[in-house]
Amino acid sequence: EEEEEISAVVNEHAVPWFPRKVSDLDTFAEKVMEMGEELSSDHPGAKDPVYRRRRYDIVQKAKEYRTGQPLPRIEYTQEEKDTWRQVYTRLRAMYPKYACREFLHVFPLLEQNCAYGPDTIPQIEDISRFLKDCTGFTLRPVMGLLTPRDFLNSLAFRVFHSTQYIRHHSDPYYTPEPDCCHELLGHVPLFADPNFAELAQEIGLASLGASDEDIEKLATIFWFTAEFGLCREGTEVRAFGAGLLSSFGELEYALTEKPEKRTFDPSLTAVQKYPITQYQPVYFVADSFRDATSKLREFNSSMRRPFQVRYNPYTQSVEVLDTK
Ligand SMILES: Cc1ccnc(-n2c(S)nc3sc(C)c(C)c3c2=O)c1
Ligand SMILES: [Fe+3]
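Conventions adopted
- Residues numbered from 1 in each chain as written.
- Chains lettered and ligands numbered in written order.
- Predicted model: local features only at pLDDT ≥ 70, side-chain atom pairs only at ≥ 80, totals over all residues.
- Heavy atoms only, no water.
- Helix = DSSP H or I, 4+ residues; strand = E, 2+ residues; numbered from the N terminus.
- Buried < 20%, exposed > 50% of the residue type's maximum accessible area, 1.4 Å probe, protein only.
- Polar contact = N/O pair within 3.5 Å; in protein donor to acceptor, adjacent residues only side chain to side chain.
- Contact = heavy atoms within 4.5 Å.
- Expected span 1.5 Å × (residues − 1).
- Salt bridge = Lys/Arg side-chain N within 4 Å of Asp/Glu carboxyl O.
- Donors = N, O, S within 2.8 Å, 3.2 Å for Na, K, Ca; no water.
- Tetrahedral: all angles 85-135°; square planar, octahedral: opposite > 155°, others 65-115°.
- Pairing = 2+ DSSP bridges.
- Axes fitted to C-alpha atoms, helices over the stretch in contact; angles between N-to-C directions.
- Near = heavy atom within 4 Å.
- Areas by Shrake-Rupley, 256 points an atom, 1.4 Å probe, with all protein chains shown as cover.
- Disulfide = S-S within 2.5 Å.
- Core = buried A, V, L, I, M, F, W, Y, C linked by side-chain atoms within 4.5 Å.
- Parallel < 35°, antiparallel > 145°, perpendicular 65-115°, else oblique.
- Left-handed = near helix turned anticlockwise from the far one by under 90°.
- Nonpolar A, V, L, I, M, F, W, Y, C, P; charged D, E, K, R; others polar.
- Phe/Tyr/Trp six-rings, centres within 6.5 Å; stacked < 30°, edge-to-face > 60°.
- Lys NZ or Arg CZ within 6 Å of the ring centre and 35° of its normal.

## Side note on the side chain of H168
Inference 1: As for its position among the elements, H168 is in the loop between β2 (159-162) and α8 (180-191).
Inference 2: Owing to a relative accessible area of 7%, H168 belongs among the buried residues under this scheme.
Inference 3: A polar contact of 2.8 Å, which involves the side chain of H168, links it to the side chain of D48.
Inference 4: At a separation of 2.8 Å, a polar atom in the side chain of H168 contacts the side chain of S170.
Inference 5: Contact partners of H168, with chain neighbours within four places excluded, come to P44, G45, D48 and Y51.

## Focus: helix α14 (residues 289-300)
Inference 1: Under the 1.5 Å per step criterion, the end-to-end length of α14 is 16 Å for twelve residues, consistent within 8% with the ideal 16 Å.
Inference 2: Capping of α14 at its N-terminal end is provided by S288; its side-chain oxygen lies 3.4 Å from the backbone amide nitrogen of R290.

## So, the pattern of salt bridges
Inference 1: What the rule picks out here adds up to 22 salt bridges.
Inference 2: Between R73 and D126 there is a salt bridge, with its nearest N and O atoms 2.6 Å apart. Here D126 lies in helix α6 (residues 124-134) and R73 lies in the loop between α2 (49-64) and α3 (78-92), a separation of 53 residues in the sequence.
Inference 3: Linking R232 and D287 is a salt bridge whose minimum nitrogen-to-oxygen distance equals 3.2 Å. Here the residue R232 occupies a position in strand β3 (residues 230-233), and D287 occupies one in the loop between β6 (282-286) and α14, the gap between them amounting to 55 residues.
Inference 4: Classification of D287 by relative accessible area gives partly exposed; the value is 41%.
Inference 5: One salt-bridge network, in which partners are shared between bridges, spans R73, E125, D126 and R129.

## Section: the coordination of the iron ion (ligand 2)
Inference 1: Within the protein, the atoms that donate to the iron ion (ligand 2) are H182 (NE2), H187 (NE2), E227 (OE) and E227 (OE), at distances of 2.1 to 2.4 Å.
Inference 2: Its six donor atoms give the iron ion (ligand 2) angles of 53 to 162° at the centre, a pattern that matches the irregular case.
Inference 3: Motif for the iron ion (ligand 2), donor spacing along one chain: H-x4-H-x39-E. Of this pair, H187 sits in helix α8 while E227 sits in helix α10 (residues 212-227), placing them 40 residues apart in sequence.

## Focus on the sheet that holds β6
Inference 1: Across the sheet, which stays open at both edges, the four strands sit in the order β4-β3-β6-β5 with mixed pairing between neighbours. Looking at which strands have only one partner, the edges of the open sheet turn out to be β4 (236-239) and β5 (260-263). For this sheet, the mean angle separating the axes of adjacent strands, direction not counted, is 40°.
Inference 2: One ladder, built from two bridges, connects β3 with β6; its direction is parallel. If you follow L230 over to β6, its bridge partner there is V285.

## Some details on the site of ligand 1
Inference 1: Surrounding ligand 1, one finds L145, L146, P148, F151, P176, E177, P178, H182, H187, F222 and E227.
Inference 2: H182 places a side-chain nitrogen or oxygen 3.2 Å from a nitrogen atom of ligand 1.
Inference 3: A distance of 3.4 Å separates a nitrogen atom of ligand 1 from a polar atom in the side chain of E227.
Inference 4: Protein chains shield 87% of the accessible area of ligand 1, which is 470 Å² for the free molecule.

## Thoughts on the side chain of R305
Inference 1: Within the secondary structure, R305 is located in the loop between α14 and β7 (307-312).
Inference 2: At a separation of 3.3 Å, a polar atom in the side chain of R305 contacts the main-chain carbonyl oxygen of A206.
Inference 3: Residues within four places of R305 in sequence aside, it is in contact with L205, A206, S207, L208 and G209.

## As for the state of the cysteines
Inference 1: Applying the stated criterion across every chain yields a total of zero disulfides.
Inference 2: Distance from the sulfur of C114, which forms no disulfide, to the nearest cysteine sulfur (C134) is 8.1 Å.

## A word on the nonpolar core
Inference 1: Counting 99 residues, the largest nonpolar core has Y95, Y116, L131, F157, L184 and L185 as its most contacted members.
Inference 2: The residues touching L185, leaving out its near neighbours within four places in the chain, are W84, V87, Y88, L91, Y95, F103, F107, Y116, C180 and L245.

## Re α10
Inference 1: Among the 16 residues in α10, twelve count as buried, and that is most of the element.
Inference 2: Within the span of α10, buried status applies to D214, I215, L218, A219, T220, I221, F222, W223, F224, T225, A226 and E227.

## Structural notes on the packing of α3 against α8
Inference 1: For the pair α3 and α8, the least separation of the axes is 11 Å and the interaxial angle reads 25°. Classed by the angle they form, the pair α3 and α8 counts as roughly parallel. The way α3 lies across α8 gives a crossing that is right-handed. Residue-level contacts link W84, V87, Y88 and L91 of α3 to C180, C181, L184 and L185 of α8.
Inference 2: For the contact of α3 with α8, a count of residues per class yields eight nonpolar, no polar and no charged.

## Examining the packing of aromatic side chains
Inference 1: A full pass over the atoms with the stated rule returns 24 aromatic pairs.
Inference 2: Geometrically, the ring pair formed by F224 and Y274 is edge-to-face, given 5.8 Å between the ring centres and 90° between the ring planes. Of this pair, F224 sits in helix α10 while Y274 sits in the loop between α13 (266-269) and β6, and the two are 50 residues apart along the sequence.
Inference 3: Where Y253 meets Y279, the ring centres are 5.0 Å apart and the plane angle is 35°; that geometry is what we call tilted. Taken as a pair, Y253 in helix α12 (residues 248-254) and Y279 in the loop between α13 and β6 lie far apart in primary sequence, 26 residues in all.
Inference 4: Using a relative accessible area of 18% as the deciding quantity, one classes Y253 as buried.
Inference 5: Here the aromatic cluster, defined as three or more aromatic residues joined through ring pairs, consists of F137, F151, F160, F191, F196, F222, F240 and F289.
Inference 6: Across the ring face of F248, the terminal group of R90 is positioned such that the distance to the ring centre comes to 3.7 Å.

Okay, here's the thing in structure tokens:
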């Protein structure tokens, strides 16, 4: 009776489909925006048939992956490892000065437990096991860019979609899209932090069945926190966004006086415009991940969604609660 009533609520409001259990994420396996197989014409590897074939082979494994299977292991080539080494070495040297304390706490653990280092590209299977022990977050291989809705919905289940290919060797310090350097150096370390994990899942839960407008707001909040977020540490400001922690140029720029820095406030952050292909003119500074999460909960309660959701970690499923 209760279930029928709720499904009526979900249906009558023409609520967009959303995953109810973690295996529902398998429906995203083939639903990427720019198919991983085709590279945009301005992509550094667009004219390199060997690179394109390599991308194709790697994304096929993501396409075939299903929940519960072991995550694909990639045997990286010497050239790919050299690209990784250049990016890793340069960024690793900057972290003590620019990265937030949570990142600096986790990174040595990744070096000890997941073979993070200049000589090897870590495997998502090893990382996923480590993250699961830390916060329950797990990784899934992905073909390329998911839609904001699908990507954010996954965070509700503490699942992060990670690419396994690497940027083209011709330009180690530039990538027009997420690649394994961005994911493994930028995103992964903070998913091991309980407070950041809670913030990420809060964004994900709010995105389940959300309107397109609300998805855009939540994606923007994600952009200014998990992607380009700064946080206060005493009188200092440090970086926690993956887009900063995986780009040596922007990591340095973001912590100079050049860009504008505003205090994180979901209602303002959610509607802030941002460029994708240049350094950000504006960054938002959170007092802490816990503070950002409580501000986000406040903001989410103002969203018009005709139901509430609760995550059940025992069954890795979402319960829909009516709010009559
Ligand atoms: C909210 C959302 C949904 C899907 N993907 C993203 N997302 C992430 S996580 N990292 C990067 S790095 C980069 C160069 C781009 C374009 C990009 C991106 O688009 C963000
Ligand atoms: Fe990212």
